[in-house]
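# Residue-level structure breakdown
Now for the letters of each chain:
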Amino acid sequence: MVKLARTHPERIAEVDEVRPLQGRIVLRLSLVGIVADKATLILQARDGGQAEMRLPADGYGGRFQVRIPLDALATACTARDWIWDLYLDAGTEGEPLRLGRHPDGISGEKNVFLCPAQRAAGVRVQLYCTVSDNVSIACAREEER
């Protein structure tokens, strides 16, 4: 019998739940190794220039919830394709934490964690898990027909 221990770095920001709703993505987040009363979600465009968005995260029961408006994601960049990398600033000392998905302590969420794509302002928007088990949002302009 093999026992698997859940191991984490000292401080992490974890995506616990994703709700793709019409016109937005709702994320429920928790912090490990940090206690915070407030937090801000930071979205940094990786492939679409230097765009950055900051959204307040609402606290509830020791966790946080943030609503990401798809229209804002779709219109913030002019590139054909780009990726938003997600970070959480807990207002404590240190750099913002990269949002991740590690529910069982085992890597490889990219192949398991699937979220349906949505569309906004002619852009296909899809939240996904990276090969490093971080959470990002891919945006791609759709061809006009």
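Because the structure is a prediction, the values reported are computed rather than measured.

Definitions and limits used
- Residues numbered from 1 in each chain as written.
- Predicted model: local features only at pLDDT ≥ 70, side-chain atom pairs only at ≥ 80, totals over all residues.
- Heavy atoms only, no water.
- Buried < 20%, exposed > 50% of the residue type's maximum accessible area, 1.4 Å probe, protein only.
- Helix = DSSP H or I, 4+ residues; strand = E, 2+ residues; numbered from the N terminus.
- Pairing = 2+ DSSP bridges.
- 1 Å grid on protein atoms, 1.4 Å probe; cavity = no way out; pocket = protein on both sides within 12 Å on 5 of 7 lines; lining within 4 Å.
- Points joined across faces, edges and corners; volume = space filled by probe spheres on them.
- Nonpolar A, V, L, I, M, F, W, Y, C, P; charged D, E, K, R; others polar.
- Core = buried A, V, L, I, M, F, W, Y, C linked by side-chain atoms within 4.5 Å.
- Contact = heavy atoms within 4.5 Å.
- Polar contact = N/O pair within 3.5 Å; in protein donor to acceptor, adjacent residues only side chain to side chain.

Attention now moves to the pairing of strand E3 (residues 39-45). Most of E3 is tucked away, with five of its seven residues classed as buried. Across six bridges, the pairing between E3 and strand E4 (residues 52-60) is antiparallel. Paired with Ala39 across the strands is Ala57, a residue of E4. Bridging between E3 and strand E6 (residues 81-89) involves six bridges; their strand directions are antiparallel. Each bridged residue has a counterpart across the sheet, and for Leu43 the counterpart in E6 is Leu86.

Now for empty space enclosed by the protein. This structure, assessed with the given rule, holds one cavity of 30 Å³ or more. Size it by volume and the largest cavity reaches roughly 40 Å³. Along its surface, the largest cavity is lined by Arg11, Ile34, Leu88, Asp89, Ala90, Thr92, Glu93, Gly94, Glu95, Pro96 and Leu97. Grouping the constituent residues of the lining of the largest cavity by class yields five nonpolar, two polar and four charged.

Before going further, it helps to spend a moment on the nonpolar core. Ranked by internal contacts, the top residues of the largest apolar core, which has 37 residues, are Leu27, Leu43, Ile68, Leu73, Trp84, Leu86 and Ile137. Once residues lying within four places of it in the same chain are set aside, the contact partners of Leu43 are Ala51, Glu52, Met53, Leu55, Ile68, Leu73, Trp84, Asp85, Leu86 and Ile137.

Our focus in this paragraph is the side chain of Asp85. With respect to the helices, strands and loops of the structure, Asp85 is situated in strand E6. A polar contact of 3.0 Å, which involves the side chain of Asp85, links it to the side chain of Arg98. Side chain to side chain, Asp85 and Ser136 meet in a polar contact 2.8 Å long. Excluding its chain neighbours within four sequence positions, the residues that come into contact with Asp85 are Ile42, Leu43, Gln44, Arg46, Arg98 and Ser136.

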